[in-house]
Every structure is written in structure tokens, then in C-alpha cells.
Amino acid sequence: MSKICALQLPTLPLSEARMDYYLKICADEDAKLVVLGEYVLNSFFKELETMPKSLIKEQSERKKISLSNLAKKYDLTIVAPIVNLRGDELFKSLAKFSPSQIKIYDQQILMPYSHWNEAKFFANDQNGELNLPIFTYEKFKIGVMFGFEAHFDACWAYMMNKKADAVIVPSACTFFSENRWEQLLRIRAFTNNIYILRVNRIGNHRSNDTQWNFYGDSMLIDPFGEIKTRLGKNEEMLIVNIDKKQLSAASNLWEFKRILAKRGLV
């Protein structure tokens with residue numbers, strides 16, 4: 001059994017005091033993997049659209065230095081979406097801070113909608129084969145996909161082919177979508193017999209007469225598709241357990257993976 005800490009936060013200030021407070025608790029509770037939602041290290045997307053690139057770069061670089069130092073201080077692995085500037089182009093990425101290094105992975109599928117057009121704003125390569133983050137944490141294989149990527153069968157097939165035990169979904173969900181997200185992730189956890197940890201941001205933003213309310217509701221869903229624990233709408237932290245025995249029990253009962261393996265599909 002292993003512990004993971006989910007931090008349900010709004011966009012963080014440049015000061016590292018709040019993160020230091022939460023990360024010390026995670027370390028004290030022996031939760032060595034910590035996850036943040038989307039647009040927590042950086043301002044929300046609609047704010048980024050009007051910010052100078054120099055300010056976005058400063059925001060990201062200071063957060064990288066801070067979280068890298070905190071990962072070393074508390075011997076943690078911290079997974080967090082971040083806006084990454086390479087040359088003169090902005091990329092929507094995921095950073096994995098460990099005591100020894102920082103790894104950056106670009107988001108694979110971005111939203112293309114008129115009110116939230118990340119695909120146009122960011123320079124991420126959206127062609128070719130998927131390359132989603134997968135890493136090992138205390139004998140568990142952990143996958144990560146951004147909230148929008150969680151809508152696509154291909155992303156879940158990728159995780160199953162990589163034999164993920166748990167999938168972390170950092171998100172920035174809004175517009176009264178709580179029920180849809182619960183249904184989507186519960187069925188994915190059940191049909192794949194995996195843990196899913198959704199970590200959503202909180203906070204508010206208003207632009208062009210549209211109110212964006214990020215409602216939290218971070219949750220852990222078990223391999224049977226049941227919600228084990230969830231947060232409310234406020235700034236909170238959640239420490240969850242994932243268990244190899246429960247993974248085996250769900251897989252052995254439903255045999256979904258065995259059936260696909262027999263046909264050479266995983």
C-alpha cells in the first residue's frame with residue numbers, strides 16, 4: 001500500500017510559504033508523491049492570453065526553482081502542470097519534480113474551443129503518436145493525463161498497454177460539470193480496473209461576461225469504479241492509499257485485462 005497526496009488549490013502566489021506548509025504535512029504523513037491541479041503553478045488560461053510572455057516565464061521559472069528545492073527538502077516527488085517557455089514559444093506541460101531532477105512532458109491533446117482555445121495558444125505538437133507520462137512510484141506504475149485528454153479512448157488504451165496501476169488526472173474543471181466528470185472517470189476506473197486520482201483546481205475568473213468557477217471535487221476512484229474519498233469546493237488536501245491487493249481483486253473478478261491479453265490486444 002502506498003500514499004499519494006492531492007493538493008486542491010487555486011493559482012499559487014510566487015511565495016513558496018503555502019506549498020512548504022502543505023508539503024511538510026505530506027512528508028510527515030509519508031505520502032511521497034504529491035499532485036497539483038491545472039493552472040495552479042501558473043495563472044488561469046484566460047489570464048495567460050493577455051499576459052506578457054516575460055511575466056509568464058518569470059512565474060514558471062520561479063515555481064520550478066521553488067518546487068525543485070521543496071522536493072529535495074522533503075524528499076518528495078511532485079507532479080504539477082506548468083506552462084513552459086522554450087525559445088519564444090509557450091507549451092502546456094507537466095513537470096515532475098524529484099529530489100534529483102525535473103522532467104517535463106508536453107500535453108498531447110489540447111482544447112480547441114472558441115472560449116478556451118489552448119490548441120491555438122500553445123505550441124504543443126499535436127501530431128503523431130501519443131507519449132503520455134508513465135513513471136514508477138513504490139512498485140506502482142503511475143500514468144498521468146491532463147483533464148481534456150481523459151475524454152479520449154486512445155489515451156486510456158495507451159495507459160492499459162503500459163500496464164498502469166493508477167492514472168492521475170490534474171484538471172481545471174468548471175461550468176457545473178461535476179456529474180459528467182464523476183461518471184466519466186468512474187467508468188474508466190471500472191472498465192480498466194485501475195485507480196484514478198482526479199485533482200481539480202479551485203478559484204474564480206471572470207472574462208467577457210463569463211464566470212469561471214472551479215469547483216474542486218478532487219477524488220480517488222478505486223479499481224471497482226467506486227469513489228473512495230473526495231474533497232469539497234474549498235482549499236484542501238487529500239491523502240489517499242492505493243493497494244496492490246485491491247488492484248488484483250478487481251482484475252481477477254472482472255478479467256477484462258485477461259480477456260484482452262488472450263486476444264493480443266494489450
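This structure is a prediction, so every number in the text was calculated from the model and none was measured. Along every chain, residues carry numbers that run from 1 in the direction the sequence is written. Under the rules for a predicted model, residues below a pLDDT of 70 receive no local features and side-chain atom pairs below 80 are neither given nor counted, while totals for whole chains, interfaces and linings still include all residues. Processing note: side-chain calculations cover all non-hydrogen atoms of the structure and skip hydrogens and water entirely.

A. Looking closely at the overall build of the protein. Strands are runs of DSSP state E lasting at least 2 residues, helices are runs of H or I lasting at least 4, and numbering of each runs from the N terminus. For the protein, the helix and strand inventory stands at eight helices and 16 strands. In this description the radius of gyration comes from C-alpha coordinates, and the expected globular size is given by 2.2 Å times residues to the power 0.38. The globule rule puts the C-alpha radius of gyration for 266 residues at 18 Å, and the 18 Å found for the protein is close to it. Throughout, exposure labels follow a simple rule: accessible area from a 1.4 Å probe, protein chains only, divided by the maximum for the residue type, with under 20% read as buried, over 50% as exposed, and the rest as partly exposed. Here the protein holds 266 residues, and the buried ones make up 53% of them. Two residues form a contact once any of their heavy atoms are found within 4.5 Å. Long-range contacts, defined as pairs at least 24 residues apart, comprise 66% of the intrachain contacts of the protein with a sequence gap of at least 6. Areas reported here follow the Shrake-Rupley algorithm with a probe of radius 1.4 Å; residue values treat only the protein chains shown as occluding. When the accessible area of the protein is evaluated, it comes to approximately 12300 Å², of which 50% is carbon and sulfur surface. For the protein, the distance from the average site of its 36 positive side-chain charges to the average site of its 31 negative ones is 4 Å. Residues scored as positive are Lys and Arg, those scored as negative are Asp and Glu, and His as well as the terminal groups of each chain are ignored. Where a charge sits is defined by one atom per residue type, namely NZ (Lys), CZ (Arg), CG (Asp) or CD (Glu).

B. Here's a closer look at a nonpolar patch on the surface. Each patch is built from residues that are more than 30% exposed by relative accessible area and take part in no salt bridge. Like charges join if they lie within 9 Å; nonpolar side chains (Val, Leu, Ile, Met, Phe, Trp, Tyr) join within 5 Å. A side-chain nitrogen of Lys or Arg and a carboxyl oxygen of Asp or Glu constitute a salt bridge if their distance falls within 4 Å. Together, L260, L265 and V266 make up a nonpolar patch on the protein surface, roughly 230 Å² of accessible area in all. Structurally, L265 can be placed in the segment after helix 8 (256-262).

C. Representation of helix 6 (residues 178-192). Across its 15 residues, helix 6 extends 21 Å between first and last C-alpha, which sits within 8% of the 21 Å expected from 1.5 Å per residue. Within the sequence span of helix 6, burial applies to W181, E182, L184, L185, R188, A189, F190 and N192. Immediately beyond the C-terminal end of helix 6, within one or two residues, lies N193, with a positive phi of roughly 50°. One less than the number of residues in a helix, times 1.5 Å, gives the span that helix is expected to have.

D. A look at the packing of helix 5 (residues 153-161) against helix 6. In this analysis an axis means a line fitted to C-alpha atoms, helices contributing only their contacting stretch, and an angle means the value between N-to-C directions, from 0 to 180 degrees. Remark: helix 5 packs on helix 6, axes separated minimally by 12 Å, with the N-to-C direction vectors making an angle of 35°. At the point where helix 5 passes helix 6, the crossing takes the right-handed sense. For the pair helix 5 and helix 6, contact is made by D153, W156 and M160 and by L185, R188 and N192, respectively. Residues of the contact of helix 5 with helix 6, tallied by class, amount to three nonpolar, one polar and two charged. Note: crossing handedness is left-handed where the near helix turns anticlockwise from the far helix by less than a right angle, and right-handed where it turns clockwise. As a working rule, the residues Ala, Val, Leu, Ile, Met, Phe, Trp, Tyr, Cys and Pro are called nonpolar, Asp, Glu, Lys and Arg charged, and the rest polar, with Gly in that last group.

E. Structural view of the packing of aromatic side chains. To pair, rings of Phe, Tyr and Trp, with the six-membered ring standing in for Trp, must have centres within 6.5 Å; the planes then decide the type, stacked if under 30 degrees apart, edge-to-face if over 60, and tilted in the middle. Evaluation of the coordinates by the stated rule reveals 15 aromatic pairs. Taking 5.6 Å as the distance between ring centres and 85° as the angle between the ring planes, the aromatic pair formed by Y39 and F44 counts as edge-to-face. Assessed through its relative accessible area of 4%, Y39 is described here as buried. Residue F44 is classed as buried on the basis of its relative accessible area, which comes to 1%. The interplanar angle of 90° and the centroid separation of 5.4 Å between the aromatic rings of F45 and F121 together place this pair among those described as edge-to-face. Here F121 lies in helix 4 (residues 118-121) and F45 lies in helix 2 (residues 45-48), a separation of 76 residues in the sequence. What makes F45 buried here is its relative accessible area of 0%. Taken together, the ring pairs in this structure connect Y39, F44, W116, F175, W212 and F214 into an aromatic cluster. In this structure, K96 packs its charged tip against the face of F135, placed 5.0 Å from the ring centre. The rule is short: NZ of Lys or CZ of Arg within 6 Å of the ring centre and within 35 degrees of the ring normal puts a charge over the ring.

F. The state of the cysteines, seen in detail. In this description, the term disulfide denotes a pair of cysteine sulfurs within 2.5 Å. In the structure shown here, the tally under the stated rule is one disulfide. Sulfur-sulfur distance for the disulfide between C5 and C26 comes to 2.5 Å. With C5 in strand 1 (residues 2-8) and C26 in helix 1 (residues 17-28), the pair connects residues that are 21 residues apart, well separated along the chain. Here C155 is not cross-linked by a disulfide; its sulfur's nearest cysteine counterpart is in C173, at 15 Å. Owing to a relative accessible area of 5%, C173 belongs among the buried residues under this scheme.

G. Broad picture of the sheet that holds strand 16 (residues 236-242). With mixed pairing, the six strands of this open sheet are ordered in space as 5-4-3-2-1-16. Whereas interior strands pair on both sides, the edge strands pair on one side only; in this sheet they are strand 5 (102-106) and strand 16. Along the sheet, successive strands turn relative to each other by an average axial angle of 30°, direction set aside. DSSP calls a pair of strands paired once it identifies at least 2 bridges connecting them. Both strand 2 (residues 33-36) and strand 3 (residues 77-86) contribute to a ladder of three bridges, which runs parallel. Residue pairing in the sheet places V35 in a bridge with V79 of strand 3. Along the sheet, helix 3 (residues 53-74) contacts strand 3, strand 4 (89-97) and strand 5; its crossing angle with strand 3, the most-contacted strand, is approximately 155°.

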